[in-house]
Amino acid sequence: MKGNIDYSVYLVTDSTPAILKGRDLVDVVEAAVRGGVGCVQLRDKTSDTAELISTARRLHEVTQRYHIPLLINDRVDVALAVRCEGVHIGQDDMELPVARQLLGPDAIIGVTVSTVEEALRACEGGADYLGIGTVYATATKTNTKNIIGAAGVQKILGTIAHTGASVRTVCIGGINESNVQRILHQSSSPLKALDGVAVVSAVVGVPDPEAAAGNLLSLVKTHADFYRQPSRADRISLDSYVPAIIKKIHDTTPLSHNMTNLVVQNFAANVALAMGASPIMANYGEEAADLCKLGGSLVINMGSVDPVGLANYVKALKAYNMARQPVVFDPVGAGATAVRRAAVKTIMAEGYLDVIKGNEGEIRTVWGNHEAQQRGVDSSSTLDADQKVALVQALATREKNVVIMTGKSDFVSDGQRTIKIDNGHEYLGAVTGTGCVLGTAVSAAVAVHKEDKLQGAVAAMLLFETAAEVAAARADVQGPGTFLPAFLDELYNLRQATAKGEVGWLRRVK
Ligand code: 3NM
Ligand code: MG
C-alpha cells in the first residue's frame, strides 16, 4: 500500500464535541472518505486506551473497505493492537527508529516537522511522509510550536529536495478551501512540491464532510494559475510589449479598484483616468465580491490602516484571489509601527499578492527584517544596488509574484528577471503620494496583461516615470506644485500618443 497512497487530502480526526457536534466520528470519517480523502489519521489525545482501540477498529473497517490507510497519532501500541497501516508521530512522541523497529519496514510512519533540521532528521530516519506545519494559526491546535507560513514550508521542501529523499509531504494547520491552492502554489520549490494537505476542521468540523472533502480534492488536483512563471526566453525588448500594454489599457478601460489611504484617493483616481483606466475608490470589502467580477484589479494600500480597514482588505483580497484577478499590495510604512507590521503579516497570510510594491524599508519589512524599523513612511536608503537586486529577487521567488522596490532607481523582479529602471524625476519625491499612485498605475497594466505581470509592471512604471520627466522639463513647471498638474497632463498625453502608435518616448528609457 505504501507506494500508492493518495495524500492529496489527508484527514486528521478530532473527537472534541465542538467539532463533532454530536455526530459519530466513524460516520463523519466515512462520509469524508466517500468524498475523496486518501488517508486517515486517528488523533485523540484524551480517550482511554480501550476506547481508542475500539474507535480505531471501527475506523479501520471503513478505511479497509475503501483501500486507504489508517494511521494512529502517537500511539504505536494502538496501531499494533488493531493491525492498521501505521502511525503518525510528533517531535515529542516516540523516536522514529524505535517506532520503526516495533512496527516493521512495511508500516507507514509519518512525522510532524516544523524546521529544516527536523525534516532532515525524519528523512534520514526513514519517514514515509512529513506533516509540515503549523502553516497557519488554527483553533484546532493551539499549542503549536511554530507558525511557519508558506515560506517555511517552501524552505523545508527546498532543502529535502536537495537530499534526494523520496519522502512524501503534506502540510497542516489552518488549511481550508479558501487557501489550499495558494499554499500548494506558494510553498512549492523548483524540485519538490507538496503531495497534499492535511486537514481537521475543514472536513470534520463542517456539516457536509463528503462535499468538503470532494471540493478540497478537486482544488488540490486542479492547477491554480495564480502566476505562470515566464521562461527566460521572455527577455524581449521593451518595444515589443510596453506600447501594446498601454494601448490595451486605452482600448479596454480596465477597472482599478483602490482601497487606499486618505491622502492619495483623489490623486490615484486621476492617475488611473489619465492612463485610460477606470478607477473606483471603494474601501468597503463587501463590495469586492461584485467588483472582482469586472475583469479589473485591486490595489490594497495600507497607508491609513486600522482594524476595520484591515478586515476590509482581507475580504477584498480573498474575493479577487477567488476570481483570479490581480492584486497589488502597497505596504505603506510597513515597518513604522507594530500595528503595521502585524497588518503586513495578516495580509500576506490571508491571500496571494500578485504584485508587492514598496520602498526599500517597506520591502525589507515584508521580507522580514525587523531591524529595519522605519522612521516614518519616508524612504531612507541603506542597501546598495546589488543588495536591492538580491532582495527583490529573493522576495519575488519566495512569494512567487512580482516585487517592485521604488527609489532613485527602481527595481522590479519576478524572481528570474530583474529590471532596473532609472527614469523619473526628483519632483516625484517632492509631492505626496507619487509612490502610492504608482501602485494604481501598475494595477491598470497588470489587469490587462495578466499573462506576464512583470511586463505589466515595467510598462506602467516606464510610462509613469517618463511622464514625470517630460512634465518636469516643461517651461511652465517651476517646482512641485506646478509639476503635479503637468504630470497628469503628460501621463494622459503619452498614453494617447502610445495608443496611436507614437512610441518615440521609449527612446528616453535609460
Ligand atoms: N497538527 P485544522 S496543526 C493536528 O502543526 C494538527 O503539527 C498540527 O487542524 C501541527 O486543519 C493541527 O483544523 C491541527 O487547522 C490542524
Ligand atoms: Mg503528537
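Being a predicted model, the structure only gives us computed values, none of them experimental.

Analysis parameters
- Residues numbered from 1 in each chain as written.
- Chains lettered and ligands numbered in written order.
- Predicted model: local features only at pLDDT ≥ 70, side-chain atom pairs only at ≥ 80, totals over all residues.
- Heavy atoms only, no water.
- Patch = residues over 30% accessible without salt bridge, like charges linked within 9 Å, V, L, I, M, F, W, Y side chains within 5 Å.
- Areas by Shrake-Rupley, 256 points an atom, 1.4 Å probe, with all protein chains shown as cover.
- Salt bridge = Lys/Arg side-chain N within 4 Å of Asp/Glu carboxyl O.
- Helix = DSSP H or I, 4+ residues; strand = E, 2+ residues; numbered from the N terminus.
- Buried < 20%, exposed > 50% of the residue type's maximum accessible area, 1.4 Å probe, protein only.
- Polar contact = N/O pair within 3.5 Å; in protein donor to acceptor, adjacent residues only side chain to side chain.
- Contact = heavy atoms within 4.5 Å.
- Pairing = 2+ DSSP bridges.
- Axes fitted to C-alpha atoms, helices over the stretch in contact; angles between N-to-C directions.
- Expected span 1.5 Å × (residues − 1).
- Near = heavy atom within 4 Å.

(A) Inspection of a nonpolar patch on the surface at higher detail. A contiguous nonpolar patch, built from L80, M94, V98 and L102 and spanning about 300 Å² of accessible area, is present on the exposed surface. Along the chain, the position of L80 falls in helix α4 (residues 76–82). With relative accessibility at 42%, the residue L80 sits in the partly exposed group.

(B) Layout of the side chain of N312. If you trace the backbone, N312 turns up in helix α14 (residues 307–322). A polar contact is formed between the side chain of N312 and the backbone nitrogen of G285, at a distance of 2.8 Å. If we skip the residues at most four places from it in the chain, N312 touches M259, N283, Y284, G285 and E286.

(C) Up close: the sheet that holds strand β14 (residues 402–406). The eight strands are arranged β10-β9-β11-β12-β13-β14-β15-β16 in an open sheet whose pairing can be described as mixed. At either margin of the open sheet sits one strand with a lone partner, and together these are β10 (278–281) and β16 (418–421). Going across the sheet, the axis of each strand differs from the next one's by a mean of 15°, ignoring polarity. Sitting on the sheet, helix α12 (residues 265–275) touches β9 (255–259) and β10, and the angle it makes with β10 is about 160°.

(D) Seen up close, α14. Compared with the 22 Å implied by 1.5 Å per residue over 16 residues, the 23 Å span of α14 between its first and last C-alpha is a close match. Close packing links the buried residues of α14 with α8 (180–187), β9, α13 (288–291), β11 (297–301), β12 (327–330) and α15 (338–350). Where α14 begins, the side chain of D306 points an oxygen toward the backbone nitrogen of V308, at a separation of 3.2 Å. Two residues or fewer after α14 comes R324, characterised by a positive phi angle close to 55°.

(E) A look at the site of ligand 1. As a structural note, the neighbourhood of ligand 1 is formed by 13 residues, with T134, T138, T140, G174 and S201 the closest of them. Within the backbone of V200, a nitrogen or oxygen atom sits 2.8 Å from an oxygen atom of ligand 1. S201 places a polar side-chain atom, nitrogen or oxygen, 2.4 Å from an oxygen atom of ligand 1. Against a free-state accessible area of 420 Å², the protein chains account for coverage of 96% of ligand 1.

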